[in-house]
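Observations on chain architecture
Below, each chain spelled out in residue letters.
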Amino acid sequence: MGLDAAPGRAGELLAVSGVSVTLGGREILTDVSFTIAPGEFVGLIGSNGAGKTTLLRVILGLQSPNAGSVLVAGKPRSRRNPMIGYVPQKFELDADMPLRARDLVALGIDAHRYGVPRPSRARRERVSAMLRAVDAESFADARIGELSGGEQQRVLIAHALIQQPQLLLLDEPLANLDLRSEQEVVALLHRLAREQQIAVLISAHDVNPLLPVMDRVVYLAGGRAAVGTTDEVVRADVLSKLYGHHVDVLRIHGRVIVVAGPGGERGADLTLAHGDEDASLELEG
Amino acid sequence: MSGVLRAVVEPGFFSSGPVQVALAVSAAVALLTSTLGVFTVIRGQSFAGHSLADIGATGGSGAFLIGAGPLWGFMVISIAAAGAMQAVGVERQRGRDVATGVVLGASLGLAALFLYWDSTLHNSSGETYTILFGSMLAISPATVPAVLGLGAVALGVVAIIYRPLLLSSVNAELAAARGVPVRLVGAAYLLALAAAVALSCLAIGAILSTALLIGPAAAALQLTKRPWRAIVGASVIALAASWLGVLLSYDSYYWPPRGHSWPVSFFIVTLVFACYLAARLVGSRGRRR
């Protein structure tokens, strides 16, 4: 497993080493270390409350760790690092909000700047090119609040990518998407990562949609992380050690199901978090 | 043409001093409140805006009690209340609304006391009416420079924080990740909102001032999907309603009951409401789905 740490090593885009976070007396993350190379596609897998969002916020500089360090291209992380793009957890967008998909993408260029924006041809074309890159042209002039979940994700991805970051962080972008939108978003991210050499760190509670595209996985449970390729990490022995009690990993039809073994007191949680509906539906059919 | 104009605009309208003051004040108020109103609606903070406006009654009545100008009373209380809202926290919507409601109740209780003293000690109920419902044609010309200055400064603040404010109104986390100082931008917005509400209280009264804050913005949001156009649209609606309101009030001197003008505030609020209804009708047809 361990491809972790040795911070600042040449060729690393992101180096997270020994990060621990305590919030309100509760330890959310404990000694989490991993690295991401340029262009790498990494899944951040864990159930709800495993600390995925907290870890992403630490990398973004929105949350200070109690211990450990985060280096981005060898330098300490800072707020508003143009090398990092971010797609936050799904949030409500009012249907009346006077903002077209196009406008939200344009805000990705210069939302941190003060003063009234000066429209220019170059700016408009840059936004249009970005919308084309994420296949969002057809709804570019619709209000963002009227778009479907999958369409909104594309627009948010375009918003994050227009400043040409080298690392894209996405917090549960597949949550609440139907199966088809889910596949489309994953395929889009995979294509963008390959074509533009953007490293992707994407959080999800289910490992399966990401299996075909992931280079490596950071698996979070109980605040600790196991890091490596899917074959190295999503195994009964590794995950049992991570969870602190026995779990089984079943592989059926190219899909992975993680279930609690007998006697695990937290087994019920685990089954709920990973016995995802899509997988079981597909197995029945 | 001039015959029609004379029929609509009663003689002496433009040369009347109070009318000139009313037109200047209502223009400043219309532009500022409708701009802030667009952001207030986007941020889902209409309750905060409404509360700031109502709390203005306390400031206005208090100022009258100690013989100060009402604008300063409205201004001081709005800024104090906005500061309190910021301190409670912008992140927790539910907690904020509850705290706002409690403060609003206490403040209106104080307003009841001040208004009672105002009317008994000064032996007039006119001032109470002015504080609650405004009387645009009775605004002192001496306040005009302060109104215009305050309006310009607050509009300037909004112009400066336009983009960071827009993104943090869409989603605070998204803005924070882009390096926007979300709390600072939120505080600057609340300050500008306090100024807008204070001016609106002066023009159409503490009770009605939300109508000018939320109404034009809500109408414009039905008609456009671009933020910039929403601001311009809301400003046009507010300005048209305000000036037409002043005109109709001036004309109504010759309406029954003869010899008494109808309140400007009534016309403005009614016109804004009509615009909102019309915008809803038009807007519901132009939707994508």
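Residues numbered from 1 in each chain as written. Chains lettered and ligands numbered in written order. Predicted model: local features only at pLDDT ≥ 70, side-chain atom pairs only at ≥ 80, totals over all residues. Heavy atoms only, no water.

**Considering the overall build of chain B**
Helix and strand counts for chain B come out as 13 helices and 0 strands. Listed by position from the N terminus, the elements making up chain B come as α-α-α-α-α-α-α-α-α-α-α-α-α. For chain B, the C-alpha radius of gyration of 19 Å lies close to 19 Å, the compact-globule estimate for 289 residues. Viewed in the frame of its principal axes, chain B has a C-alpha envelope of about 60 × 50 × 30 Å. Taken over 289 residues, chain B has a buried fraction of 49%. In chain B, of all internal contacts separated by at least 6 residues, the share reaching a separation of at least 24 is 77%. Counting every atom, chain B has about 12,300 Å² of accessible surface; 72% of that belongs to carbon and sulfur. (Helix = DSSP H or I, 4+ residues; strand = E, 2+ residues; numbered from the N terminus. Rg over C-alpha atoms; globule rule 2.2 N^0.38 Å. Buried < 20%, exposed > 50% of the residue type's maximum accessible area, 1.4 Å probe, protein only. Contact = heavy atoms within 4.5 Å. Areas by Shrake-Rupley, 256 points an atom, 1.4 Å probe, with all protein chains shown as cover.)

**Section: the packing of helix α2 (residues 101-110) of chain A against helix α4 (residues 149-161) of chain A**
All names here are of chain A. At a minimum axis separation of 7 Å, α2 and α4 run at an interaxial angle of 25°. Put simply, α2 runs roughly parallel to α4. Like other packed secondary-structure pairs, α2 and α4 cross with a definite hand, here right-handed. Residues Ala101, Leu104, Val105, Leu107 and Gly108 of α2 touch α4, and the partners they reach there are Val155, Leu156, Ala158 and His159. Tallied by class, the residues present in the contact of α2 with α4 amount to 7 nonpolar, 2 polar and no charged. (Axes fitted to C-alpha atoms, helices over the stretch in contact; angles between N-to-C directions. Parallel < 35°, antiparallel > 145°, perpendicular 65-115°, else oblique. Left-handed = near helix turned anticlockwise from the far one by under 90°. Nonpolar A, V, L, I, M, F, W, Y, C, P; charged D, E, K, R; others polar.)

**Thoughts on the packing of helix α3 (residues 46-65) of chain B against helix α4 (residues 70-88) of chain B**
Residue and element names in this part refer to chain B. It is at 7 Å that the axes of α3 and α4 come closest, and there the two elements cross at 135°. By the angle class used here, α3 and α4 are oblique. The hand of the α3/α4 crossing is right-handed. Residue-level inspection shows Ala48, Ser51, Leu52, Ile55, Gly56, Thr58, Gly59, Gly60 and Ala63 of α3 in contact with α4, the latter providing Pro70, Gly73, Phe74, Ile77, Ser78, Ala81, Ala82 and Met85. In terms of residue class, the contact of α3 with α4 is made up of 10 nonpolar, 7 polar and no charged.

**Some remarks on the interface of chain A and chain B**
Put simply, an interface is often sized by how much accessible area is lost when its parts join up. Contact residues are listed per partner, giving 40 residues for chain A and 31 residues for chain B. Considering only the surface of chain A that becomes buried against chain B, Pro98, Tyr114 and Glu146 of chain A emerge as the three largest contributors, covering 20% of it. Summed over the shared surface of chain A and chain B, the result is 2 salt bridges. A salt bridge links Glu173 of chain B to Arg57 of chain A, with the shortest nitrogen-to-oxygen separation between them at 2.5 Å. Taken together, the links from chain A to chain B amount to 13 residue pairs in polar contact (both at pLDDT 80 or more). For the side of chain A that touches chain B, the secondary structure elements donating two or more residues are α1 (52-60), α2 and α4 of chain A. Class assignment of the residues belonging to the side of chain A that touches chain B gives a composition of 21 nonpolar, 6 polar and 13 charged. (Buried area = accessible area lost by both parts, 1.4 Å probe. Salt bridge = Lys/Arg side-chain N within 4 Å of Asp/Glu carboxyl O. Polar contact = N/O pair within 3.5 Å; in protein donor to acceptor, adjacent residues only side chain to side chain.)

**So, the pairing of strand β1 (residues 14-23) of chain A**
Residues and elements named next belong to chain A. With 8 of its 10 residues buried, β1 lies for the most part within the structure. Pairing geometry for β1 and strand β2 (residues 26-36), over 7 bridges, is antiparallel. Each bridged residue has a counterpart across the sheet, and for Ala15 the counterpart in β2 is Thr35. As consecutive antiparallel partners, β1 and β2 are separated by 2 residues, and within that stretch Gly24 has a phi angle of approximately 55°, a positive value. Summarising the sheet, β1 and strand β4 (residues 67-72) pair through 5 bridges and their orientation is antiparallel. Across the sheet, the residue bridging to Ser17 is Ser69, located in β4. (Pairing = 2+ DSSP bridges.)

**Things to note about the sheet that holds strand β8 (residues 199-204) of chain A**
Residue and element names in this part refer to chain A. Strand order in the open sheet made by the 6 strands is β6-β7-β8-β3-β9-β10, with mixed pairing throughout. Single-partner strands in this sheet number two, and they are β6 (84-87) and β10 (224-228). Going across the sheet, the axis of each strand differs from the next one's by a mean of 15°, ignoring polarity. Together, β3 (41-45), β7 (167-170) and β8 form the strand contacts of helix α5 (residues 179-196), whose direction differs from that of β3 by roughly 140°. The sheet contacts of helix α7 (residues 236-243) involve β9 (216-221) and β10, and relative to β9 the element is tilted by about 35°.

**Overview of the nonpolar core**
As a rule of thumb, nonpolar side chains are buried together in soluble globular proteins. Ranked by internal contacts, the top residues of the largest apolar core, which has 142 residues, are Leu104, Ile157, Leu210, Tyr219 and Leu239 of chain A. Per element, the largest residue contribution to this core is 15 residues, and it comes from helix α10 (residues 182-204) of chain B. Here this core spans two domains, and each of domain 1 (1-83 + 165-246) and domain 2 (96-160) of chain A adds at least three residues to it. Dropping the residues within four chain positions of it, Ile157 of chain A is found in contact with Val87, Val134, Leu168, Leu170, Val185, Leu188, Leu189 and Leu192 of chain A. Of all hydrophobic cores here, the second largest spans 32 residues; its members include Val21, Val58 and Ile84 of chain A together with Ala176 of chain B. (Core = buried A, V, L, I, M, F, W, Y, C linked by side-chain atoms within 4.5 Å. Domains from an automatic or database assignment.)

**Side note on the environment of Asp54 of chain B**
Residues and elements named next belong to chain B. Here Asp54 shows up in helix α3. You can call Asp54 buried: its relative accessible area is 11%. Once the C-alpha coordinates of Asp54 and Thr210 are considered, the two residues, 156 residues apart in sequence, prove to be 8.2 Å apart. Residues in contact with Asp54, not counting those within four places in the same chain, are Leu104, Leu108, Ala206 and Ile207.

**Comments concerning the pattern of salt bridges**
All told, the structure shown has 17 salt bridges over all chains when counted by the stated rule. Here Asp110 of chain A and Arg163 of chain B are joined by a salt bridge, their closest N and O atoms 2.8 Å apart. Placement of the pair is Asp110 of chain A in helix α2 and Arg163 of chain B in helix α8 (residues 162-170), with the two residues belonging to separate chains. Residue class for Asp110 of chain A comes out buried when judged on its relative accessible area of 6%. Classification of Arg163 of chain B as buried rests on a relative accessible area of 8%.

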